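A structural walkthrough
Here's the letter readout for the chains.
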Amino acid sequence: MENKNLLEVSHLKQYFPVRQGFHRIPLKAVDDVSFTIKPGETLGLVGESGCGKTTVGRTLLRLYQPTGGRIVFDGEVLFDSGEQYDDNGKLITDGEGRPVMGTRIDVDMLPYRKQMQMVFQDPYSSLNPRMTVEDIIGEPLDVHKLYSSKKERREKILSLMETVGLNAEHAMRYAHEFSGGQRQRIGIARALAVNPKFIVCDEPVSALDVSIQAQVVNMFEELQEKLGVAYLFIAHDLLVVHHISDRIAVMYLGKVVEIADADELNANPMHPYTLSLLSAVPIPDPETARKSNRIVLEGDVPSPLRMPSGCPFRTRCRYATEQCAMEMPPLSDRGNGHFTACWNK
Amino acid sequence: MSEETKYILEVKDLHTSFFTDAGEVCAVNGISFTLEPGKTLGIVGESGSGKSVTAYSVMQILAETGKITGGEVLYKGEDITKWDKKQMQGFRGSKCSIIFQDPMTSLNPVFTVGSQLKEAILLHTDKNKREAYDRAVEMLTLVGVNEPESRMRQYPHELSGGMRQRVMIAMALACEPDILIADEPTTALDVTIQAQILELMKELQEKLGMAIIMVTHDLGVIASMCDEILVMYGGRVCERGTADDIFYRSAHEYTKGLLRSIPKNDNLNEKLIPIGGTPINLLQMPEGCAFCPRCEKAMKICLTQQPEELRVSETHLASCFMNVKELFAAGEGNA
């Protein structure tokens, strides 16, 4: 049971067609991303805006139709584009460079939505302003028909509200009557309503005030202890992610460049991008701030429409060599469950 | 050195209110601070704590419903709240500039970067157009914009967020102000770009010697940038002191709570200790200490009386009755 993964994602691709003049070119929001999540584990996903971390979360839940790859949840294949890969992770092609296609699998997601849920970033726009809290939390129960009587529905809703620390008297109120932190609690109660095994948390604390962030972060941790739910925790705040995650994956321009244990990643970052990302985080401690030697990256993230060849980070990387321009380095094992995609490190 | 010349800016007991349909909202309630030339003052607080309104009050760029209802803002010893519109126009831009949080909305989308930069220079100096253009290019180079001449012809939407913020900084510094107010200058930016902009601001401060007022909610940014820090809550100053005073010897329960509630390098595997309750509603200010309803250590006196600012050390002041009690306990014998 220990080694069984709850979620296995391999070679996930999500391209969006973008019109440029007469041409339609693909915007590679997520390009060949693979990772696993164990039951009850938290995987943190960090990266700058536009690196595709939100898209990964949404594609996992099949809110988008994936362009390619394979998603296995709890032993069942939810999606398989049919592309086949050899043991080294190379796409198997026929003589003319076309991929050899296996069977395509694409299941109906409704039954699986009971096990996979999502908490959104903005607690102001992710709750319907015309519904009461009771109806917002009750909606997933309605959709999946999880109660036999009105009384049972109400009881379930009230117990959920209690779980997330909301006052049961507030059930008949509307979302605008709550503060940001309380709204985020409503969003979490809605996700928990169907008793999921896995929740995608898409920047759930970014919109909250500092003093409220800790309340919500603590609640996520308590719920995990109590219910054994696994999280994909997407955020750009590295300190928060490090605090809540067991493992962390770092994304840059649609690719995972490093994945490791949270403490290992912080103590021993290998990829030059992770290194500069960690050194860029302003530490709330004047002593460290005075001593720290920031690695300031030059330039901006390239447009995903004009992706550099080979490694996407090479345009801002000070270790870049010719090889980096030729070929994307594979995510290779450096021991201790630490994977890095870099030729030079 | 006389009092007038020591501080570039001195704010004394500033009160700013907004007159809304729901009643008068006291966004800033008796703020005082001083700023020395070439130093950086950080104002930190949650949303609604009045930190931005304090900055806007100094510049007198409040929304129509907002008004300074009391106090003085002294620039080199002169009270600028008594200045007329024309004098204030001369103050803004050439003596004190501001950069805003969102570089997308603070640049005009229908004018090129160059014309907006030139406008600022032409308005505040007696340079001619040619000189203004040269100055604009010089400023863009100074803030690290590559190919400044071609950037001058571009529109804001053609630039990335980090570039836009650089243009904003260039515009703010074009007339060599003595004071730069930065209102959450990096909140909308990614961490790696944030690091670039913060380094840039430090560099420019060394080069040009202006004083900076840094308004932010990010304690990390404050820790790395500021000489002196003002912690605000509910329109009042809770605590002020040097960075070390605030982070290592904090004497106000709100500051202590805030520092406990954020993940730092040394508490990553421990549980965070959040501040209970919700941020204050400025329409229903409590009679006593603003933080009292959320304070674990609140005493009876906190409910009814506002704590005075108390000197903890030479550089460190805090408005919390806890200190009074502790001082009582410590200094009882002497008294």
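Okay, so let's go over this structure. (Residues numbered from 1 in each chain as written. Chains lettered and ligands numbered in written order. Predicted model: local features only at pLDDT ≥ 70, side-chain atom pairs only at ≥ 80, totals over all residues.)

**Some points on the sheet that holds strand S1 (residues 9–20) of chain B**
Whenever strands of a sheet pair, they do so through backbone hydrogen bonds, lying parallel or antiparallel. All names here are of chain B. Worth spelling out the cut-off: Two strands are said to pair when DSSP picks up at least two bridges between them. Labels follow the DSSP assignment, with helices taken as runs of H or I lasting at least four residues and strands as runs of E lasting at least two, numbered in each case from the N terminus.
Pairing in this open sheet of four strands is antiparallel, and the strands run S2-S1-S4-S5 from one edge to the other. A single partner strand is all that each edge strand has here, and the edge strands are strand S2 (23–35) and strand S5 (78–79). Judged from the ten bridges that link them, S1 and S2 form a sheet pairing that is antiparallel. Its bridge partner being in S2, Leu14 is matched across the sheet by Ile31.

**Some remarks on the pairing of strand S3 (residues 40–44) of chain B**
In regular strands, side chains alternate between the two faces of the sheet. Residue and element names in this part refer to chain B. Keep this limit in mind: Burial is judged by counting other C-beta atoms within 10 Å of a residue's own C-beta: 20 or more means buried, 12 or fewer means exposed, and anything between counts as partly exposed, with every C-beta placed from the backbone.
The buried fraction of S3 amounts to five of the five residues, a majority that puts the element mostly inside the structure. The alternating pattern of S3 places Thr40, Gly42 and Val44 and Leu41 and Ile43 on opposite faces, both of which are buried. Bridging between S3 and strand S9 (residues 228–233) involves four bridges; their strand directions are parallel. In the sheet register, Val44 faces S9, and the bridge partner there is Val231.

**Details of helix H5 (residues 113–124) of chain B**
Residue and element names in this part refer to chain B. Basically, it comes down to this: What a helix is expected to span follows from its residue count: subtract one and scale by 1.5 Å. This arc describes the spread of directions from the helix axis toward the C-beta atoms. Here contacts are defined at the residue level, using C-beta atoms placed from the backbone and a cut-off of 7 Å between them.
Relative to the 16 Å expected for twelve residues at 1.5 Å per residue, H5 spans 17 Å between its end C-alpha atoms, a close match to the ideal helical length. The complete set of buried residues in H5 reads Val113, Gly114, Leu117, Lys118, Ala120 and Ile121. Each buried residue of H5 lies within a common arc of 155° when the element is viewed along its axis, so the set occupies one face. On its buried face, H5 is in contact with helix H6 (129–142), helix H7 (148–152) and helix H8 (161–173).

**Focus on the sheet that holds strand S7 (residues 116–119) of chain A**
Residue and element names in this part refer to chain A. Operational definition: Angles here are taken between N-to-C directions and fall from 0 to 180 degrees, while the axes themselves are lines fitted to C-alpha atoms, restricted in helices to the stretch in contact.
Pairing is mixed in the open sheet, where eight strands are placed in the order S7-S8-S9-S3-S10-S11-S13-S12. Where the open sheet ends on each side, the last strands, each with one partner, are S7 and strand S12 (332–333). Here strand S3 (residues 42–46) runs beside strand S10 (residues 247–252); their pairing, made up of four bridges, is parallel. Residue Val46 lies in a different strand from S10, and its bridge partner there is Val250. Taken strand by strand, helix H4 (residues 180–192) contacts S7 and strand S8 (198–202), and its axis lies near 175° from that of S7. In this fold helix H8 (residues 272–280) packs onto S10 and strand S11 (255–261), with an angle of close to 105° to the strand it touches most, S10.

**Re the interface of chain B and chain A**
For clarity, the threshold we go by: Polar here means any residue outside two lists: the nonpolar Ala, Val, Leu, Ile, Met, Phe, Trp, Tyr, Cys and Pro, and the charged Asp, Glu, Lys and Arg; Gly therefore counts as polar.
On the side of chain A, 31 residues touch chain B, which itself brings 36 residues to the contact. Elements with a contribution of two residues or more to the side of chain B that touches chain A: helix H9 (191–208), helix H10 (219–225), helix H11 (243–248) and helix H12 (253–261) of chain B. The element that contributes the greatest number of residues to the side of chain B that touches chain A is H9(B), accounting for six residues. The class makeup of the residues in the side of chain B that touches chain A is 16 nonpolar, 13 polar and seven charged.

**A short note on H4(A)**
All names here are of chain A. Under the 1.5 Å per step criterion, the end-to-end length of H4 is 18 Å for 13 residues, consistent within 8% with the ideal 18 Å. Among the 13 residues that make up H4, twelve are buried, leaving the element largely enclosed by the rest of the structure. Of the positions making up H4, those classed as buried are Gly181, Gln182, Arg183, Gln184, Arg185, Ile186, Gly187, Ile188, Ala189, Arg190, Ala191 and Leu192. Buried residues belonging to H4 abut S7, helix H2 (133–143), helix H3 (150–163), S8 and helix H5 (210–227).

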